[in-house]
Amino acid sequence: PPPPPPPPPPPPLMKRIPTPPLPKTSTSSSAAPAPAPPSALIVAFARMVEAESQLDYAYAKHAQIIRKRKILRAQIEKLEKLPVGYDAFKKDLEKLISDLESSKTTAQEAELTALEEEEAALMEVYVNH
């Protein structure tokens, strides 16, 4: 059996940025020299700036989540303190019952007054005949 192929080489730590080829010009003294590839220091600095911006974004997102968590906790605490069941609508029910009783009493009084007036009118007619 043939020997196994060698493992692929590990990826380079720093990726080289390819530069486009320069157009061919005459070699006069006024022509600018060809640009050099970026140095390792510049590449490292660019990576550091990118990492810092990612860190700033992650921190802002973290702070936003912490703030939202505090708001939710406060809302949950407030909800837990609210009455449940009969206690939640007890006052409203008592007010409704008292309003119904007072309106019932007023309606009964009005009906009684009307009946008394009708009875008085009938008695007057009966007495006068």
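In what follows, the structure referred to is the one given above.
Residues numbered from 1 in each chain as written. Predicted model: local features only at pLDDT ≥ 70, side-chain atom pairs only at ≥ 80, totals over all residues. Heavy atoms only, no water.

Peer 1: Sorry if this is basic, but what is going on with the overall build of the protein chain here?
Peer 2: A count of helical and extended segments in the protein chain gives two helices and zero strands. Of the roughly 12900 Å² of accessible surface on the protein chain, 66% is carried by carbon and sulfur atoms. (Helix = DSSP H or I, 4+ residues; strand = E, 2+ residues; numbered from the N terminus. Areas by Shrake-Rupley, 256 points an atom, 1.4 Å probe, with all protein chains shown as cover.)

Peer 1: What is the right way to read a nonpolar patch on the surface from this model?
Peer 2: A surface patch of nonpolar side chains, about 560 Å² in accessible area, is lined by Tyr86, Phe89, Leu93, Leu96, Ile97 and Leu100. Within the secondary structure, Tyr86 is located in helix H2 (residues 86-128). (Patch = residues over 30% accessible without salt bridge, like charges linked within 9 Å, V, L, I, M, F, W, Y side chains within 5 Å. Salt bridge = Lys/Arg side-chain N within 4 Å of Asp/Glu carboxyl O.)

Peer 1: So what exactly am I meant to see when it comes to H2 here?
Peer 2: For an α-helix, 3.6 residues make a turn, and residues three or four places apart therefore share a direction. Taking 1.5 Å of rise per residue, the 43 residues of H2 would be expected to cover 63 Å, and the 61 Å separating its terminal C-alpha atoms lies within 8% of that figure. Bending of H2 peaks at approximately 30° at the position of Asp92. (Expected span 1.5 Å × (residues − 1). Bend = angle between axes of the 7 residues up to and from the residue.)

Peer 1: What should I look at first to understand a negative patch on the surface in this one?
Peer 2: A contiguous patch of negative charge on the surface is contributed by Glu116, Glu117, Glu118 and Glu119. As for its placement among the helices and strands, Glu119 is situated in helix H2. (Lys, Arg positive; Asp, Glu negative; His and termini not counted. Charge placed at Lys NZ, Arg CZ, Asp CG, Glu CD.)

Remember, this is a structural readout, not a statement about activity or role.
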